[in-house]
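Listed below are the residues making up each chain.
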Amino acid sequence: MTEPVPAPHLEARGLGVRFPGGVQALSDLDLVVRRGELLAIIGPSGCGKSTLLRVAAGLAPASAGLLTVAGEPPERARARRAVAFVFQDPTLLPWRSLHANVRLPLELARVPRAEQDLAADAALALVGLSEFAAAAPSALSGGMKMRASLARALVGRPELLLLDEPFGALDELTRERLNDELLRLWERDRFTALAVTHSVAEAVLLGDRVLVLSARPGRIVADIRVELPRPRRAALVGSPEFAAVAAEVRARLRAAAPPDPSDLSVRT
Amino acid sequence: MKLASAARAAYPPLLVFLGFLGLWQLACAALALPTYLVPTPAEVARQAVEHAGELAQAALLTAIGALGGLGASLLVGGLVAVLFSQSRTAARSLYPYAIFLQTVPIVAVAPLIVVWFGTGLQSVILTAAILSVFPIITNGTTGLVRVDPQLLELFAMSDASRLQLLLKLRLPGSLPYFVAGAKISGGLAVIGAIVGEFFAGFGADDLGLGALILQTSGRLQTAYLFAAIFAATLLGLVLFGAVALLGELALRRWRGRELSVH
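Every chain begins its residue count from 1, and numbering advances along the sequence as written. Both sets of labels track the order of writing: A upward for chains, 1 upward for ligands. Selection of residues for local features in this predicted model requires a pLDDT of at least 70, selection of side-chain atom pairs for listing and counting requires 80 or more, and totals for whole chains, interfaces and linings are taken over all residues. No hydrogens and no water enter the side-chain calculation; it runs on all heavy atoms of the structure.

1. Some points on the overall build of chain B
In DSSP terms, a helix is any run of H or I states spanning at least four residues, a strand is any run of E spanning at least two, and both are numbered starting from the N terminus. Along the backbone of chain B there are eleven helices and zero strands. Scanning chain B from its N terminus toward the C terminus, one meets helices and strands in the order α-α-α-α-α-α-α-α-α-α-α. Each principal axis of the C-alpha atoms in chain B carries an extent, and together these give about 75 × 50 × 30 Å. Across chain B, contacts joining residues at least 24 apart in sequence account for 74% of those joining residues at least 6 apart. Both charge centroids of chain B, one from 15 positive and one from 11 negative side chains, sit 12 Å from each other. Residue contacts are defined here by distance: any two heavy atoms, one from each residue, within 4.5 Å place the two residues in contact. Charge assignment in this entry is limited to Lys and Arg as positive and Asp and Glu as negative, and neither His nor the chain termini are counted. Lys charges are placed at NZ, Arg charges at CZ, Asp charges at CG and Glu charges at CD.

2. Observations concerning helix H6 (residues 142-154) of chain A
Residue and element names in this part refer to chain A. In this scheme, a helix's expected span is set at 1.5 Å multiplied by one less than its residue total. Compared with the 18 Å implied by 1.5 Å per residue over 13 residues, the 19 Å span of H6 between its first and last C-alpha is a close match. With a 1.4 Å probe rolled over the protein chains alone, any residue whose accessible area is under 20% of its type maximum counts as buried; one over 50% counts as exposed, and the rest are partly exposed. Of all 13 residues in H6, ten are buried; the element is thus mostly enclosed. Those residues of H6 that sit buried are Gly 143, Met 146, Arg 147, Ala 148, Ser 149, Leu 150, Ala 151, Arg 152, Ala 153 and Leu 154.

3. Observations regarding the nonpolar core
Residues and elements named next belong to chain A. Here the nonpolar core consists of buried residues drawn from Ala, Val, Leu, Ile, Met, Phe, Trp, Tyr and Cys, with membership extended through side-chain atoms lying within 4.5 Å. Ile 42, Leu 161, Leu 163, Val 204, Val 210, Val 212 and Val 249 are the most contacted members of the largest nonpolar core, which has 56 residues in total. In this structure, Leu 163 is in contact with Leu 53, Val 86, Leu 150, Leu 182, Ala 193, Leu 194, Ala 195 and Val 196, ignoring residues within four places of it in sequence. If you look at the next biggest cluster of nonpolar residues, it comprises 47 residues, including Leu 53, Trp 95, Leu 104 and Val 196.

4. Considering the sheet that holds strand S6 (residues 160-164) of chain A
All names here are of chain A. The strand order across the open sheet built from six strands is S5-S6-S7-S3-S8-S9, with neighbouring strands paired in mixed fashion. Only two strands of the sheet have a single partner each, and these edge strands are strand S5 (83-86) and strand S9 (220-225). Neighbour to neighbour, the strand axes of the sheet diverge by 15° on average, direction disregarded. In this description, strands pair whenever DSSP reports at least two bridges between them. For every element, the axis is a line fit to its C-alpha atoms; helices are fit only across the contacting stretch, and the angle between N-to-C directions ranges from 0 to 180 degrees.

5. Notes on the pairing of S9(A)
Residues and elements named next belong to chain A. Relative to S9, strand S8 (residues 209-213) is paired through five bridges, and the arrangement is antiparallel. Pairing of Val 212 across the sheet is with Ala 222, part of S9. The hairpin formed by S8 and S9 contains six residues between the paired strands.

6. Remarks on the UniProt feature "domain: ABC transporter" (unreviewed entry) in chain A
In the numbering used here, UniProt assigns the "domain: ABC transporter" (unreviewed entry) feature to residues 10-240 of chain A. The annotated region residues 10-240 of chain A carries 33% helix and 24% strand content, and the separation between its end C-alpha atoms amounts to 32 Å. UniProt positions are given in the numbering used here, feature names are shortened, and annotations may be inferred rather than shown by experiment.

Structure representation (structure tokens):
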């Protein structure tokens, strides 16, 4: 690669998180994510994947070490609307139209109304939901709701997008479509993204790198560079090159998982 | 379609009611009960028709008292619920007194209300409000406090202020709980209004159902009394239905209706 190496966007040094109850969620985690990079994070259930995202969002405090976003504490990056979060559930407010849901972050930030509307129109168009702007969330399918949730996250044009197993509850096909959608949006805007998933295929499809975390307390057990060409689409999943990377990730994940044969939480 | 299913739903209880009336009529005839003790349904109906004007007038007065009480409950109960949701200290120190509203025997307190506020509509409304405010407080507080933690994090991502959280998340999110509370309170407000009228009845020319019940029972006009009791029951049902309908309308957007964009 002759491109200049982009600056680190997210950096963790010796990051540890211990919950008030005494549970050690993450321990001694060192991580550098470069600007514009798409990092997939995978690991056994309860390994602290989500906790890592929540620390990066400034929603949970680090109890040891340091995590910075663009060189700042996460709360400060968040305050200038540089960070957005896509939750496991669509988390749309049922009493608001899709449009009103999508512009919520700007409304809360007291952005002028005209600007809110323009940005929400654009974000809905981006995910192909323009014609449903007036619809109530209850009128939409699960996939459409998740798309709206994605539009809401992107409405403030964040530099860092944190995705916490956002498509985990969707059926296979919808999930493929949404992964393609996410890839398309990422290729277009090149925000930095951290995507937590429990699917090996999803991790390999999305990530420039796949970070494999160990069982609690979460430590990085592997940081696998995915050298598959971009743009990638879900169709890539069947190719031999893909299978080779997926096999490597799966092997590392298996080694990281606790020795519990009944643990079905790791899917492919 | 909806009307047809409503009619189907109303069919069995209606049949039970008619059967009950038939049995009642037969029992009166068979046991030769005196009318001042147990009037026949036919006699009750006759009295209801004869006093239709007075009954309607009384029901209207009672309805005003009950609606006033329910309105006051919604307002005060809503404010108390907001206070409880915003301050754990306030909730801890005041909730036992809210329970007091639920457990206080209203019949015992109503005379005191009359002593303090005199006879008339204000005392009726106050009695109805005291009896009906508790479900609003508990349901409302639950709705305001019970918020999906992911939604709280969503708002935290925008560094939402406490006021924004209240106005844009907690209050709209608690609407189903307030509706559920209001449905219970609607019936209680009617009971409260009638009890209130027992003690604070508006005077001889201005009888609510409560005062009418008291008067007719005093005069052994038992059939008329029965008619007044049925009117009171009907009023409670109508109020419950109205509250339920309004609640459904308010919650329609939650259940998949097109909304306006701007």
